[in-house]
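# Coordinates in review
Here's the letter readout for the chains.
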Amino acid sequence: MSGAAGCQGGGGERGHRWRRPWKLLALGLLSASSVLAAAPGAGAMSKEEKRRLGNQVLEMFDHAYSNYMEHAYPADELMPLTCRGRVRGQEPSRGDVDDALGKFSLTLIDTLDTLVVLNKTKEFEEAVKKVIKDVNLDNDIVVSVFETNIRVLGGLLGGHSVAIMLKEKGEYMQWYNGELLHMAKELGYKLLPAFNTTSGLPYPRVNLKFGVRHPEARTGTETDTCTACAGTLILEFAALSRFTGTSIFEEYARKALDFIWEKRQRSSNLVGVTINIHTGDWVRKDSGVGAGIDSYYEYLLKAYVLLGDDSFLERFNTHYDAIMRYISQPPLLLDVHIHKPMLNARTWMDSLLAFFPGLQVLKGDIRPAIETHEMLYQVIKKHNFLPEAFTTDFRVHWAQHPLRPEFAESTYFLYKATGDPYYLEVGKTLIENLNKYARVPCGFAAMKDVRTGSHEDRMDSFFLAEMFKYLYLLFADKEDMIFDIEDYIFTTEAHLLPLWLSTTNQTISKKNTTTEYTELDDSNFDWTCPNTQILFPNDPMFAQSIREPLKNVVDKSCPRGISRAEESLGSGPKPPLRARDFMASNPEHLEILKKMGVSLIHLKDGRVQLVQHAVQAASSLDAEDGLRFMQEMIELSSQQQKEQQLPPRAVQIVSHPFFGRVVLTAGPAQFGMDLSKHKAGTRGFVATIKPYNGCSEITNPEAVKEKIALMQRGQCMFAEKARNIQKAGAIGGIVIDDNEGSSSDTAPLFQMAGDGKNTDDITIPMLFLFNKEGNIILDAIREYEAVEVLLSDKAKDRDLEMENMDQKLSENDSHKQNAEEATSASQDVGAVSEEPEEEESSDVTDPDSFSPANADSDSVSISNQDSYVPGTDEAGALEPACMRGDNQPQEQKTEAESNSKVNWDNKVQPMESILADWNEDIEAFEMMEKDEL
């Protein structure tokens, strides 16, 4: 998302806000900048250093742009790791991400006006000629209306804007005759069929050749679109109308904006993320300033700036008041429910909200802009880049970073507003991180995981369109520019539209079409352009004083290894219980649930329900924590439903005296041997490695060779552990959770991910056991020394031959006949897998262990008084599956418990009892297969 070149103007005179030239209003930003930059003790960056960094930005742009032109053009985007172009249909589909690609040389069009901002006028002239000559907009391809509008239509209009500016100057583009504008108009007409809905909201996709709902269009069946998708059209469409004199484009974009405004939630004045394009019903009722909504708010304010229509400013201020009332929790910006705005909708933030501080600068509300920007910068300093999403305690939620420019944008506008050289240092950090971590021989590669530094083979067009534009402007002085940037407003893709369009071809009435506006506090309207008298009264270090308390916000919030121990010591107030940390076997957690008014209900079928009654909470604050806990639990359930899970694996103890009767549910690895393709599995004796964490070279390879290595989780990547034990000669590995008390019956299935690198070199199988299951193997080693296990995709038959041999050696002669009959009978019965009956299982199942197989988030509902989370199956790895319903008579259970205490070597049972046990084994095994272990 992009800000604007200037700021909101007009003061408190509502009827006369847009009566002065924009260029004069922008002087507020420049005056603040000049005053503070000259402030003593501000640590101003030298002019030489600024110029050096500006030149470095130019070199980085050349590296990215030249590699696109050499290796990718005329493809839409560059694939920088493989040094080739990304052509839709020739590469594996990436889903909705590919809807931006239309075989129209996307990156070149998106970069046109960036070339002029960076003073590369010759390259711009050549690029325009290539676009005119090579680009075809009549392709039979389905594209995103939103992305095509902001990137391609906006790119053509931005290119046209600077082309006519250069032509007027008389040195370049003298041959230009509006060709880019003609292409923009052609593309505009190709997008219009998407607006053929009763609401006026556009379909999310359109076929460039066949439109929508045409037999060959392959689109037009969608019912939903995001708010930003429908509400981020007015700048480009209105500019197209003003440039060409064809009013239909502006009319359609206005109608879509009007409809969204009318459908806002009237009590909160918020809008949802997704809306039905036919009925106007909100499909997703969460609201924030990030993905799905972001640029809707941005375009309301900028539409006022560009078009001079007061109604857009009225709407923006109404929404802004709601945002600051409900969503803004400085320095955080948290999504809420539009009908219950006091209730957070999720516990994480996405990186797209990084544009919002820049928009707040445009609004003139600087303090919260400084606070949020500083929080984001602290996250970047921790991970080098802003993760695609991160939690409220600054953990990585989604680890990708596709080189988004929103943070650089806000950095630029805060520097414009404050003149604080601190923001130049922030920009310097961004440059250094891009060169150090993202630069590759053929361009700049997106980060696949900010934690590991792994790359993804993509360089999106917005990287060239926005990132280098904002970074260059951050360090450029006025004399470095060949035109006045204050004469233009930036679109959300940072394309330049001239402000003189506000008085050109005004075919649309400015009459306020919406009569209902919320009466707001006058402070929403009395901000003018940022200036030193208002924002920094007698204190040129004002911005620093706001930032200072946030310097360590991330380090203080990010959990450290000893945080739980510190909590247990009772030092200070404990933070609320988080759903991801909850363990039903933890008495302290159960007590916290009770305090929050949350109850655990055990169902007859072995499932557990979570229900909250706010009136039963110990206090109103506890009730609020309970509501948040329930929402987190629902979100976890929903996320796990969406994730594609590998099936669980099995660790089966096959040696004496278990003989396959103990089967432990194990988590799979996304690398190494695929046990589902090796039916025999991997069998071997286990050995504990040294060091136990497996993070360095194994010091006891003689004990590990040809065995299955046991190691502890933590301190390094799983793939690194696997490589170390494989090098030591191990034939497999089992990683045991270091979280004391964790168990497969109180936690969801855990998958071990790779390290972001190629893991084809790992050929041995790796499985993960929670702490409780891992201790079973460790206890067996302590008691029997030699313990043999089988790693497989599911439990195998018990080792009947070894079991019978052991029985024959240990039993006296008087029982030989019974043993032989047992062997014969067992061969008739077939495959059996059973867990030891003496193992205790947890009475409750953690609701955090929802899995796609047994959770139904659609049945979840939360009201003001009650919250409810549906039950989940209690299918612990150590609990006999046939006992799930607890249908066995109590006498049988008692007998089983007493029998389980009999020494394995001295079992003496009549034939009827043995057959009964085998029948139970069969039932257990069948049930386990049904429940996927």
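Residues numbered from 1 in each chain as written. Predicted model: local features only at pLDDT ≥ 70, side-chain atom pairs only at ≥ 80, totals over all residues. Heavy atoms only, no water.

## So, the packing of helix H12 (residues 310–327) against helix H13 (residues 356–363)
Two elements in contact, H12 and H13, have axes separated by 13 Å at closest approach and are oriented at 125 degrees. The orientation of H12 with respect to H13, classified from their angle, is oblique. The element H12 and its partner H13 pack so that their crossing is left-handed. Residue-level inspection shows Phe 316, Asn 317, Tyr 320, Ile 323 and Met 324 of H12 in contact with H13, the latter providing Phe 356, Leu 359, Gln 360 and Lys 363. Of the residues in the contact of H12 with H13, the class split is 6 nonpolar, 2 polar and 1 charged. (Axes fitted to C-alpha atoms, helices over the stretch in contact; angles between N-to-C directions. Helix = DSSP H or I, 4+ residues; strand = E, 2+ residues; numbered from the N terminus. Parallel < 35°, antiparallel > 145°, perpendicular 65-115°, else oblique. Left-handed = near helix turned anticlockwise from the far one by under 90°. Contact = heavy atoms within 4.5 Å. Nonpolar A, V, L, I, M, F, W, Y, C, P; charged D, E, K, R; others polar.)

## Some details on the sheet that holds strand S13 (residues 389–391)
Across the sheet, 3 strands lie side by side as S12-S13-S14; this open sheet has antiparallel pairing. The open sheet has two free edges, formed respectively by strand S12 (348–350) and strand S14 (396–398), since each of these has just one partner strand. With direction set aside, neighbouring strand axes in the sheet form an average angle of 30 degrees. By the bridge criterion, 3 bridges tie S12 to S13 in an arrangement that is antiparallel. (Pairing = 2+ DSSP bridges.)

## Let's talk about helix H25 (residues 718–727)
Of all the positions in H25, only Phe 718, Ala 719, Lys 721, Ala 722, Asn 724 and Ile 725 are classed as buried. Looking one or two residues past H25, Gly 729 carries a phi angle of roughly 100 degrees, positive in sign. (Buried < 20%, exposed > 50% of the residue type's maximum accessible area, 1.4 Å probe, protein only.)

## Notes on the state of the cysteines
Under the counting rule described, the total for this entry stands at 3 disulfides. In this model Cys 226 forms its disulfide with Cys 229; the gap between the sulfur atoms is 2.1 Å. With the S-S dihedral at roughly 90 degrees, the linkage between Cys 226 and Cys 229 falls on the right-handed side. The disulfide partner of Cys 695 is Cys 716, and the S-S distance across this bridge is 2.1 Å. A torsion of -85 degrees about the S-S bond marks the disulfide between Cys 695 and Cys 716 as left-handed. On the criterion of sequence distance, the pair formed by Cys 695 in the loop between strand S25 (682–688) and helix H24 (701–704) and Cys 716 in the loop between strand S26 (708–712) and H25 is long-range, its members being 21 residues apart. Neither residue differs from the other here; Cys 695 and Cys 716 are each classed as buried. (Disulfide = S-S within 2.5 Å.)

## Section: the side chain of Ser 742
Locating Ser 742 in the fold gives a position in the loop between strand S27 (732–736) and strand S28 (766–769). Ser 742 gets classed as buried once you look at its relative accessible area, which sits at 3%.

## Concerning unusual backbone geometry
The omega torsion of the bond from Tyr 73 to Pro 74 falls at 10 degrees, within 30 degrees of zero and hence cis. By the secondary structure assignment, Pro 74 is in the loop between helix H3 (47–71) and strand S1 (77–79). If you check the backbone angles, Asn 269 has positive phi at about 60 degrees while not being a glycine. By the element assignment, Asn 269 lies in the loop between helix H10 (248–262) and strand S6 (274–276). Look at Asn 269 and you get buried, because its relative accessible area is 7%. With a phi close to 65 degrees, Glu 785 is a non-glycine residue in the positive phi region. Its location among the elements puts Glu 785 in the loop between helix H26 (771–784) and strand S29 (788–792).

## Notes on the confidence of the model for the chain
Looking at the chain, pLDDT values average 79 and 72% of them are 70 or higher. Below pLDDT 50 for its whole length, residues 812–911 participates in 218 contacts with residues either more than four positions away or in separate chains. A low-confidence stretch, residues 928–933 (pLDDT under 50), is modelled with 16 contacts involving residues beyond four sequence positions or located in other chains. (pLDDT = per-residue confidence, 0-100.)

## Observations concerning the packing of aromatic side chains
On inspection of all chains with the given rule, the structure shows 33 aromatic pairs. Ring centres of Phe 61 and Phe 468 lie 5.8 Å apart, and the angle between their planes is 80 degrees; on these two criteria the pair is classed as edge-to-face. Residue Phe 61 is found in helix H3, and its partner Phe 468 is found in helix H17 (residues 461–475); the two are separated by 407 residues along the sequence. The buried category is assigned to Phe 468, whose relative accessible area is 0%. Here the aromatic cluster, defined as three or more aromatic residues joined through ring pairs, consists of Phe 61, Tyr 65, Phe 444, Phe 463 and Phe 468. Here the basic side chain of Arg 264 rests over the ring of Trp 261, its NZ or CZ set 3.8 Å away from the ring centre. (Phe/Tyr/Trp six-rings, centres within 6.5 Å; stacked < 30°, edge-to-face > 60°. Lys NZ or Arg CZ within 6 Å of the ring centre and 35° of its normal.)

## Some points on the nonpolar core
Across soluble globular proteins, nonpolar side chains have a tendency to be buried as a group. Ranked by internal contacts, the top residues of the largest apolar core, which has 178 residues, are Phe 124, Leu 434, Phe 444 and Phe 468. Of the residues forming this core, the biggest block, 12 residues, is contributed by helix H6 (residues 145–169). Not counting residues within four places of it along the chain, the set of residues in contact with Phe 124 comprises Leu 112, Leu 115, Val 116, Gly 159, Val 162, Ala 163, Leu 166 and Met 173. (Core = buried A, V, L, I, M, F, W, Y, C linked by side-chain atoms within 4.5 Å.)

## Here's the deal with the sheet that holds S6
With antiparallel pairing, the 3 strands of this open sheet are ordered in space as S5-S6-S7. Each edge of the sheet is formed by a strand with only one pairing partner; in this case those strands are strand S5 (224–226) and strand S7 (282–284). In this sheet, neighbouring strand axes are inclined to one another by 35 degrees on average, regardless of whether the strands run parallel or antiparallel. Here S6 pairs with S7 via 2 bridges, running antiparallel.

## Points about the pairing of S25
As judged from the 4 bridges shared by S25 and S29, these two strands associate in the antiparallel manner. Following the sheet pairing, Thr 682 is matched in S29 by Leu 791. Of the pairings in the sheet, the one linking S25 to S26 comprises 3 bridges and is parallel in character. In the strand pairing of S26, Thr 688 is matched with Leu 710.

## Side note on the pattern of salt bridges
Within this structure, the stated rule accounts for 43 salt bridges. A salt bridge links Arg 88 to Asp 99; the nearest nitrogen and oxygen atoms lie 3.1 Å apart. Of this pair, Arg 88 sits in the loop between strand S2 (84–86) and helix H4 (106–117) while Asp 99 sits in the loop between S2 and H4, and the two are 11 residues apart along the sequence. On the basis of relative accessible area, Asp 99 is assigned to the buried category, the value being 8%. Arg 649 is the salt-bridge partner of Asp 674, the closest N and O atoms lying 3.4 Å from each other. Here Arg 649 lies in strand S23 (residues 649–653) and Asp 674 lies in the loop between strand S24 (662–666) and S25, a separation of 25 residues in the sequence. Residue class for Arg 649 comes out buried when judged on its relative accessible area of 7%. (Salt bridge = Lys/Arg side-chain N within 4 Å of Asp/Glu carboxyl O.)

## Some points on H17
Compared with an ideal rise of 1.5 Å per residue, which puts 15 residues at 21 Å, H17 spans 22 Å between its outermost C-alpha atoms and is within 8% of the ideal. In terms of residue burial, H17 counts as a mostly covered element, since 15 of its 15 residues are buried. (Expected span 1.5 Å × (residues − 1).)

## Let's talk about the environment of Arg 458
Take Arg 458: it is sitting in the loop between strand S18 (454–456) and H17. Judged by relative accessible area, which is 12%, Arg 458 ranks as buried. For the pair Arg 458 and Leu 81, spaced 377 residues apart in the sequence, the C-alpha separation amounts to 7.7 Å. Apart from the residues within four sequence positions on either side, Arg 458 is in contact with Leu 78, Pro 80, Arg 86, Arg 94, Val 97, Pro 402, Phe 444, Ala 445 and Ala 446.

## Side note on the packing of H10 against helix H11 (residues 294–307)
The axes of two packed helices give the description: the angle between them and the distance between them. Direction vectors running N to C along H10 and H11 enclose 130 degrees, while the axes themselves pass 12 Å from each other. Classified by the angle between their axes, H10 and H11 sit oblique to one another. Every pair of crossing elements has a handedness; the one defined by H10 and H11 is left-handed. Residues Glu 250, Arg 254, Leu 257, Ile 260 and Trp 261 of H10 touch H11, and the partners they reach there are Tyr 296, Leu 300 and Leu 307. A class-by-class count of the residues in the contact of H10 with H11 yields 6 nonpolar, no polar and 2 charged.

## A few points about the pairing of S26
In terms of burial, S26 is a largely internal element, 4 of the 5 residues being buried. The pairing of S26 with S27 spans 5 bridges and is parallel. Pairing of Gln 712 across the sheet is with Ile 736, part of S27. Handedness of the S26-H25-S27 crossover: right-handed. (Right-handed = clockwise from strand over helix to strand, strands pointing away.)

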